[in-house]
Every structure is written in C-alpha cells, then in structure tokens.
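Summary of the model geometry
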Amino acid sequence: MELRGLRVFGHHGVFDFEKRDGQEFVVDVTVWTDFTAAAKSDHIGDTIHYGELADRVVAIVSGEARDLIETVVSEVADQVLVFDPRIAAVEVVLHKPSAPIPHTFEDVRVVTSRRREAGE
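The structure reproduced in this document is the subject of the present report. Note that the structure is a prediction, hence the values are computed from the model and not measured. (Residues numbered from 1 in each chain as written. Predicted model: local features only at pLDDT ≥ 70, side-chain atom pairs only at ≥ 80, totals over all residues. Heavy atoms only, no water.)

**What about the pattern of salt bridges?**
- Applying the stated rule across the entire model yields nine salt bridges.
- Across the salt bridge formed by Asp 21 and Arg 20, the nearest N and O atoms sit 2.8 Å from each other.
- Asp 21 gets classed as partly exposed once you look at its relative accessible area, which sits at 42%.
- For Arg 20, a relative accessible area of 59% translates into the label exposed.
- Look at the salt bridges and you will find they share partners, linking Glu 64, Arg 66 and Glu 75 into a network. (Salt bridge = Lys/Arg side-chain N within 4 Å of Asp/Glu carboxyl O. Buried < 20%, exposed > 50% of the residue type's maximum accessible area, 1.4 Å probe, protein only.)

**Observations concerning the environment of Ile 101**
- Along the chain, the position of Ile 101 falls in the loop between β3 (89-95) and β4 (109-115).
- Here Ile 101 falls in the partly exposed class, since its relative accessible area comes to 37%.
- Ile 101 sits 95 residues away from Leu 6 along the chain, and the two C-alpha atoms are 22 Å apart. (Helix = DSSP H or I, 4+ residues; strand = E, 2+ residues; numbered from the N terminus.)

**A word on the packing of aromatic side chains**
- Considering all chains together, one arrives at one aromatic pair under this definition.
- Between Phe 15 and Phe 17, the ring centres sit 5.6 Å apart and the planes meet at 10°, which makes this aromatic pair stacked.
- A relative accessible area of 40% places Phe 17 in the partly exposed class. (Phe/Tyr/Trp six-rings, centres within 6.5 Å; stacked < 30°, edge-to-face > 60°.)

**Quick notes on unusual backbone geometry**
- The phi angle at Asp 42 is positive, at roughly 60°, despite the residue not being glycine.
- The topology assignment puts Asp 42 in the loop between α2 (36-41) and α3 (50-61).

**As for the side chain of Arg 116**
- The topology assignment puts Arg 116 in the segment after β4.
- Residue Arg 116 is classed as buried on the basis of its relative accessible area of 19%.
- Within the local environment of Arg 116, its side chain forms a polar contact with the backbone oxygen of Ile 87, the two atoms lying 2.8 Å apart.
- Ignoring any residue separated from it by four or fewer positions in sequence, one finds Arg 116 in contact with Leu 81, Asp 84, Pro 85, Ile 87 and Ala 88. (Polar contact = N/O pair within 3.5 Å; in protein donor to acceptor, adjacent residues only side chain to side chain. Contact = heavy atoms within 4.5 Å.)

Have a look at this one:
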C-alpha cells in the first residue's frame, strides 16, 4: 500500500527562519502487509486504514520542530510500525522541496525503511 504526496506544513530545519516560518513537506509512505483477509471480507477492519495512517504521519511532521529531516523521517518510520502490527515493513520518503539551497533544484528527500523483526 502506498500513500504518496501527503503535504504537511512543518517547522523543521537548522536555520531559525525555518523553525519560525515553517514550510511544506511532502511525505510518501509505502507499507508491506498481507491484505488477503481484507480482499476476502471487503471490510476496513481487515486492512491498514490509510486515513488513520495519514493522520499519524501528519501529527509527526507537523509536530515538534527538528533540526534534521533525517530525524523526522526516522520518527515517521518507527511510528508506522507501531501503528499496526500487521505492517511487516515500511519505507518513508520525506521531501523538502523548499530547502534553503541557493541553487536551482527539483527536490531534497531523505529515504528510510524499517522491517519488523521475526517474532515482533
């Protein structure tokens, strides 16, 4: 399951003006899960509720200001695994399209992934 292009206003960055003024971040989340039960039942309770997943991600990215987007993306990945024990693995991409770089660029992004250990 993929949640792509989630736009969230946050206050992350090493510069004071980034923390003060904030900026838009874009988040992509991919989760690996077995949705066989959901396909059979056609019931939301048998799958990962992507609306609730989005709420969890927004709460983190719009929450406490961090210096590094590496910290933010790691918090999101860790919390996605906590969110639902049926999630076997997650990849999170945090884009900072308005990063304070004095050059023309398309995107700055940090990517991380987590995999649930056997027995977790």
